[in-house]
Amino acid sequence: MKKILGIIPARGGSKGIPGKNIRMLDGKPLIYYSVHSAFTSKIIDRLILTTDSVEIAEIGKNLGAEVPFLRPVNLAQDDTPMGPVIEHVVNFVENSGWRADIVLLLQ
């Protein structure tokens with residue numbers, strides 16, 4: 001059976017809508033909906049939330065997502081491409097001895 005890694009990128013420094021990922025929508029922080037969708041899909045073996053925000057990290061942990069690190073500043077800029085962010089997470093999980101066959105990005 002293939003192992004599936006879900007990655008949720010959630011930067012703290014949104015300029016378009018400040019605090020976007022923790023803004024409340026129908027009584028829940030916006031990040032809740034990505035985490036909830038990942039868990040209810042029942043296909044994701046491991047879910048990593050990558051963020052540069054302590055507040056988003058705490059909310060993610062409380063929702064059950066893994067938040068094993070805060071994303072480095074150089075990977076949390078307005079113009080940071082998604083590729084290096086995904087690569088950072090994949091390298092982290094592989095260095096911890098876990099390897100995904102499939103990587104899903106949940107934005």
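This text follows the structure it describes.
Residues numbered from 1 in each chain as written. Predicted model: local features only at pLDDT ≥ 70, side-chain atom pairs only at ≥ 80, totals over all residues. Heavy atoms only, no water.

Caption draft 1: Here's a closer look at the overall build of the protein chain. The helix and strand tally for the protein chain stands at three helices and five strands. Start at the N end of the protein chain and walk to the C end: the helices and strands fall as β-β-β-α-β-α-α-β. The C-alpha radius of gyration computed for the protein chain amounts to 13 Å, which stays within 12% of the reference 13 Å derived for 107 residues, consistent with globular compactness. Dimensions of the protein chain along its principal axes, counting C-alpha atoms only, are 40 × 30 × 20 Å. Counting all 107 residues of the protein chain, 37% fall into the buried class. Taking the contacts inside the protein chain whose residues are at least 6 apart along the sequence as the reference set, 65% of them involve residues at least 24 apart. Total accessible area on the protein chain stands at roughly 6,300 Å², and carbon and sulfur atoms take up 54% of it. Taking the average location of the 12 positive side-chain charges in the protein chain and that of its 11 negative ones, the two points are 3 Å from each other. (Helix = DSSP H or I, 4+ residues; strand = E, 2+ residues; numbered from the N terminus. Rg over C-alpha atoms; globule rule 2.2 N^0.38 Å. Buried < 20%, exposed > 50% of the residue type's maximum accessible area, 1.4 Å probe, protein only. Contact = heavy atoms within 4.5 Å. Areas by Shrake-Rupley, 256 points an atom, 1.4 Å probe, with all protein chains shown as cover. Lys, Arg positive; Asp, Glu negative; His and termini not counted. Charge placed at Lys NZ, Arg CZ, Asp CG, Glu CD.)

Caption draft 2: Representation of the nonpolar core. Membership of the largest hydrophobic core comes to 14 residues, with the highest contact counts inside it found for Ile 8, Ile 31, Val 35, Ile 44, Leu 47, Leu 49 and Leu 106. It is helix α1 (residues 30-41) that contributes the most residues to this core, three residues altogether. Contact partners of Ile 44, with chain neighbours within four places excluded, come to Ile 4, Leu 5, Gly 6, Ala 38, Leu 104 and Leu 106. Formed by nine residues, the second largest nonpolar core is a distinct cluster that contains Leu 5, Ile 7, Val 90 and Ala 100. (Core = buried A, V, L, I, M, F, W, Y, C linked by side-chain atoms within 4.5 Å.)

Caption draft 3: Representation of the environment of Val 35. Here Val 35 is to be found in helix α1. Along the sequence, Val 35 and Leu 106 sit 71 residues apart, while their C-alpha atoms lie 8.4 Å from each other. Filtering out sequence-adjacent residues up to four positions away, Val 35 remains in contact with Ile 8, Leu 47, Leu 63 and Ala 65.

Caption draft 4: Quick peek at the packing of aromatic side chains. Using the criterion set out here, one finds two aromatic pairs in the structure. Relative to Phe 92, the ring of Phe 69 has its centre 5.0 Å away and its plane inclined at 65°; by these criteria the two rings are edge-to-face. Of the two residues, Phe 69 sits in the loop between α2 (54-63) and α3 (82-95) while Phe 92 sits in helix α3, which places them 23 residues apart along the sequence. On the basis of relative accessible area, Phe 69 is assigned to the buried category, the value being 13%. Across the ring face of Trp 98, the terminal group of Arg 46 is positioned such that the distance to the ring centre comes to 5.5 Å. (Phe/Tyr/Trp six-rings, centres within 6.5 Å; stacked < 30°, edge-to-face > 60°. Lys NZ or Arg CZ within 6 Å of the ring centre and 35° of its normal.)

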